[in-house]
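The primary structure of each chain is shown beneath.
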Amino acid sequence: MQDTPKAASSNTGAQAKRIAVRGVSKVFGANGEAAIGLARQGMSKNDILAKTGAVVAVNDISFSVDAGEIFVVMGLSGSGKSTLVRCLNRLQEPSAGTIEIDGEDIVAAPEERLRALRLEKITMVFQHFALLPHRTVAENVEYGLKMRGLGKAERNAKALKALDSVGLGGWADRYPANLSGGMQQRVGLARALALDPEILLMDEPFSALDPLIRRDMQGELLELQRRYRTTIIFITHDLNEALTLGDHVAVMKDGRFAQVGRPADIVLQPADDYVAAFTRDIDRGRVLPVRSAIRQVASAEALRVLLADGAATIEGARPLHEVFGLVAANRPVVVVDAAGQPEGMVTAADITNVLAGGSQSEGV
Amino acid sequence: MSSDALSGLQAATDIARPSHYGTLPLDDWIQWSVKDWLVPALRPFFRALQWPIAQLLDGLQSLLLAIPFVVLLVLAVFAAWRAAGRGVAVFTFISLLLLDWIGLWKETMITLAMIVTAVVFCIVVGIPAGIAAARSDRTAAVIRPILDVMQTIPSFVYLVPIVMLFGVGMVPAVIATIIFALPPLVRLTNLGIRQVQGELVEAGRAFGSTPRQILWEIQLPLALRTIMTGVNQTLMLALSMAVIGALIGAGGLGLTVYTGLGRLDVGYAGIGGLGIVLMAIILDRVTQALGDGHKGASTSGGKEG
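Residues numbered from 1 in each chain as written. Chains lettered and ligands numbered in written order. Predicted model: local features only at pLDDT ≥ 70, side-chain atom pairs only at ≥ 80, totals over all residues. Heavy atoms only, no water.

Across its full length, chain B holds 13 helices and zero strands. Against the compact-globule benchmark of 19 Å for 305 residues, chain B has a radius of gyration of 24 Å, which places it well outside the compact range. When the backbone C-alpha atoms are referred to their principal axes, chain B occupies close to 80 × 60 × 50 Å. Here chain B holds 305 residues, and 43% of them are scored as buried. The contacts of chain B with a sequence gap of at least 6 include a subset with a gap of at least 24, amounting to 77%. As presented, chain B carries roughly 16,100 Å² of accessible surface, and 68% of it is formed by carbon and sulfur atoms. Positive and negative side-chain charges of chain B, numbering 19 and 17 respectively, have mean locations separated by a distance of 8 Å. (Helix = DSSP H or I, 4+ residues; strand = E, 2+ residues; numbered from the N terminus. Rg over C-alpha atoms; globule rule 2.2 N^0.38 Å. Buried < 20%, exposed > 50% of the residue type's maximum accessible area, 1.4 Å probe, protein only. Contact = heavy atoms within 4.5 Å. Areas by Shrake-Rupley, 256 points an atom, 1.4 Å probe, with all protein chains shown as cover. Lys, Arg positive; Asp, Glu negative; His and termini not counted. Charge placed at Lys NZ, Arg CZ, Asp CG, Glu CD.)

Structure, rendered in structure tokens:
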């Protein structure tokens with residue numbers, strides 16, 4: 001689904017990080033200091049709760065997010081993912097650690113600066129939409145603009161534009177209660193987009209929607225993200241969703257990241273049994289790129305012959321399921337890179353092998 | 001036999017009773033602390049408190065008595081119709097005609113002025129107190145026992161110090177009414193604000209709102225129905241104080257009932273009571289409809305005619 005390869009976002013630090021999180025912890029309850037100390041020593045969440053009465057929701061987490069990428073945090077309820085995302089705009093105060101946004105440490109930012117950041121840079125979409133029932137759809141979308149101090153006419157124009165971009169142009173004067181869940185979440189998204197944010201925090205935005213609507217919304221989100229190049233931190237409890245949307249995915253458990261990596265890494269090389277257990281039921285055809293199925297070393301000469309012979313070609317970054325229609329028995333498909341240069345080939349057997357969760361791949 | 005044995009037992013165990021050694025003069029202490037200390041010390045403060053109440057009360061009362069009956073009737077019926085629909089408007093029309101016919105129009109207006117004054121001050125004090133309680137658990141913990149005392153202490157108990165501080169008359173009666181009628185408004189304001197969905201308040205913060213903006217844009221509008229219920233309850237309690245207010249010099253319908261009681265004139269007391277009940281029904285229906293009207297607006301549904 002992501003046909004434009006993202007700017008090389010391996011964590012080399014070569015380019016500016018939009019978000020850099022270092023050693024962030026969040027502890028609820030008294031004895032926070034003691035609890036963080038014990039957590040650093042590796043004591044488990046439950047043992048710390050029993051010993052100090054404090055709940056370690058987020059435990060010494062570090063990661064960074066490049067501009068324009070979708071970073072997904074996946075975890076079950078209670079894993080601390082919602083708390084973590086709330087630390088990023090300080091709806092929750094981190095108990096320890098630093099969070100830098102475009103190089104600015106927001107943990108140290110005073111209240112005034114924080115409000116400015118929330119108005120200008122970071123905005124949020126909520127699981128249960130969090131729309132004001134006493135305001136019309138347009139007034140809801142205008143909310144952040146009103147907080148910015150914009151006049152009525154200007155707000156309204158921007159709100160209508162944002163509503164158009166999520167396909168709800170005709171609904172401006174209705175009330176949220178008149179809308180379906182999917183439409184309400186579009187309003188939530190429009191409210192965030194109306195601010196032209198650089199960073200969008202999404203806390204399980206599609207979890208309350210039914211599966212078909214959810215799939216549509218995922219597609220639309222990718223579409224919007226391609227258009228606006230917004231940096232998105234996306235929280236979900238659904239690994240399929242995480243792998244479909246994420247440029248990078250973090251699997252969270254008990255306040256820690258069990259694994260961070262590209263979707264294909266998570267599927268093909270799960271870091272531990274916990275991650276592996278999740279990856280068992282995912283739809284590999286949608287998550288893995290065609291490139292990951294390349295098994296046989298083929299010389300440039302051989303590939304040229306295949307192409308001359310009329311073999312089908314596919315770009316290596318496309319999801320694997322798109323190759324199903326192209327591959328025929330004994331007739332390999334040539335995999336090309338973004339520039340159209342052949343980089344290898346896949347056969348029906350290779351594809352079956354990857355879908356079945358077969359051998360490891362290094363060519364991702 | 002057994003009664004002898006019992007009284008013997010009682011005599012033997014009496015030494016364990018505090019009253020065996022004398023009576024604690026708590027009543028004297030209260031009398032002393034209120035009469036000789038609290039009243040003189042706080043008299044200037046309470047006198048200052050008295051002033052705005054007296055102003056509003058006098059103004060309202062002279063206004064209500066100056067407006068011709070027919071004009072007020074039309075205004076009241078119109079207001080009832082707009083707020084609560086045709087049924088309540090008809091009821092208001094008949095009730096007000098009846099009140100004038102039985103010769104209690106002036107008393108009704110005096111009571112109305114008293115009630116409205118008390119409720120206005122309840123709103124001025126109660127809603128901010130409720131907001132403060134909703135925003136801080138510590139404030140709530142301080143306010144709650146005060147409200148408990150206000151609600152459970154018999155009003156006769158605080159009539160005495162009120163008379164000491166303010167003398168007798170309409171203003172002290174309004175003050176007693178405020179004390180009696182205030183608690184539900186504070187409680188329901190607090191409750192209404194706390195009941196606002198946490199995610200909505202979070203959204204307010206996430207979109208850069210200050211606490212004050214969250215209060216005005218999100219919490220108060222969504223708590224309005226509950227707050228209006230509080231206003232309604234306060235109004236009803238204030239009306240129920242009309243007769244007790246008459247004990248310390250208030251006029252109006254309460255005085256009619258009280259005079260009827262003194263003369264054992266059940267008819268006179270009866271018409272006073274009828275007046276209070278009719279007023280209560282009108283005010284209740286209208287204020288309830290006002291609260292529901294806000295709910296109607298929030299779902300964009302049509303209001304009932």
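Core analysis: the largest hydrophobic core is formed by 101 residues, its most contacted members being A:Leu189, A:Phe234 and A:Phe257. The residue makeup of this core includes at least three contributed by each of domain 1 (66–285) and domain 2 (288–355) of chain A. Each residue touching A:Leu189, except ones within four places of it in the same chain, is listed here: A:Val125, A:Val166, A:Leu200, A:Met202, A:Leu221 and A:Leu224. B:Ile131, B:Val174, B:Ile248 and B:Leu278 belong to the second-largest nonpolar core, a separate cluster that totals 78 residues. (Core = buried A, V, L, I, M, F, W, Y, C linked by side-chain atoms within 4.5 Å. Domains from an automatic or database assignment.)

Residue and element names in this part refer to chain A. Read from one edge to the other, the open sheet built from three strands follows the order β11-β12-β13, with strand pairing classed as mixed. Taken across any chain shown, the strands that pair with only one partner, and hence form the sheet edges, are β11 (313–315) and β13 (342–346). On average, each strand axis in the sheet is inclined to that of its neighbour by 35°, with strand direction left out of account. Strand contacts of helix α13 (residues 300–308): β11, β12 (333–336) and β13, with the helix running at about 75° to β13, the strand carrying the most contacts. (Pairing = 2+ DSSP bridges. Axes fitted to C-alpha atoms, helices over the stretch in contact; angles between N-to-C directions.)

The next point concerns the interface of chain A and chain B. It is common to report an interface's size as the accessible area lost on association of the parts. The interface of chain A with chain B comprises 29 residues on the first partner and 22 residues on the second. Taking both partners together, chain A and chain B bury about 2,100 Å²; carbon and sulfur atoms supply 59% of that area. Remark: the boundary between chain A and chain B carries three salt bridges. Across the pair B:Glu217 and A:Arg135 runs a salt bridge, and its minimum N-O distance is 2.8 Å. Those elements giving two or more residues to the side of chain A that touches chain B turn out to be α4 (111–120), β6 (122–125), α5 (137–148) and α7 (181–193) of chain A. Of the residues forming the side of chain A that touches chain B, the biggest block, four residues, is contributed by α5(A). Looking at the side of chain A that touches chain B, its residues break down into 15 nonpolar, seven polar and seven charged. (Buried area = accessible area lost by both parts, 1.4 Å probe. Salt bridge = Lys/Arg side-chain N within 4 Å of Asp/Glu carboxyl O. Nonpolar A, V, L, I, M, F, W, Y, C, P; charged D, E, K, R; others polar.)

For the rest of this paragraph, the subject is the domain arrangement of chain A. Residue and element names in this part refer to chain A. For chain A, the assigned domains read domain 1 (66–285) and domain 2 (288–355). Taking only C-alpha atoms, the centre of domain 1 and the centre of domain 2 are 35 Å apart. Tallying the contact residues gives five residues for domain 1 and nine residues for domain 2. Area buried by domain 1 at its contact with domain 2 is led by Leu268, Arg284 and Gly285, which between them contribute 84% of it. Inspection of the domain 1/domain 2 interface yields zero salt bridges. In this assembly, domain 1 and domain 2 are joined by four residue pairs in polar contact (both at pLDDT 80 or more). Elements that contribute at least two residues to the side of domain 1 that touches domain 2 include exactly α10 (263–268) and α12 (284–287). (Polar contact = N/O pair within 3.5 Å; in protein donor to acceptor, adjacent residues only side chain to side chain.)

Before going further, it helps to spend a moment on the pairing of β12(A). Residue and element names in this part refer to chain A. Side chains Val333 and Val335 project from β12 onto one buried face, and the interleaved Val334 and Val336 project onto a second face that is buried too. Examined bridge by bridge, β11 and β12 share three bridges and lie parallel to one another. Residue Glu315 lies in a different strand from β12, and its bridge partner there is Val336. Bridge count for β12 against β13 is four bridges, and the pairing is antiparallel. Across the sheet, Val334 pairs through a bridge with Met345, a residue of β13. Where β12 hands over to β13, the hairpin turn is made up of five residues, of which Gly340 adopts a positive phi near 90°.

What follows covers the pattern of salt bridges. Here the structure, examined in full by the defined rule, presents 29 salt bridges over all chains. Between A:Arg304 and A:Glu301 there is a salt bridge; the shortest N-O distance is 3.2 Å. With A:Arg304 and A:Glu301 both in helix α13 and three residues apart, this pair spans about one turn of that helix. Across the pair B:Asp137 and B:Arg194 runs a salt bridge whose closest N-O atoms are separated by 2.9 Å.

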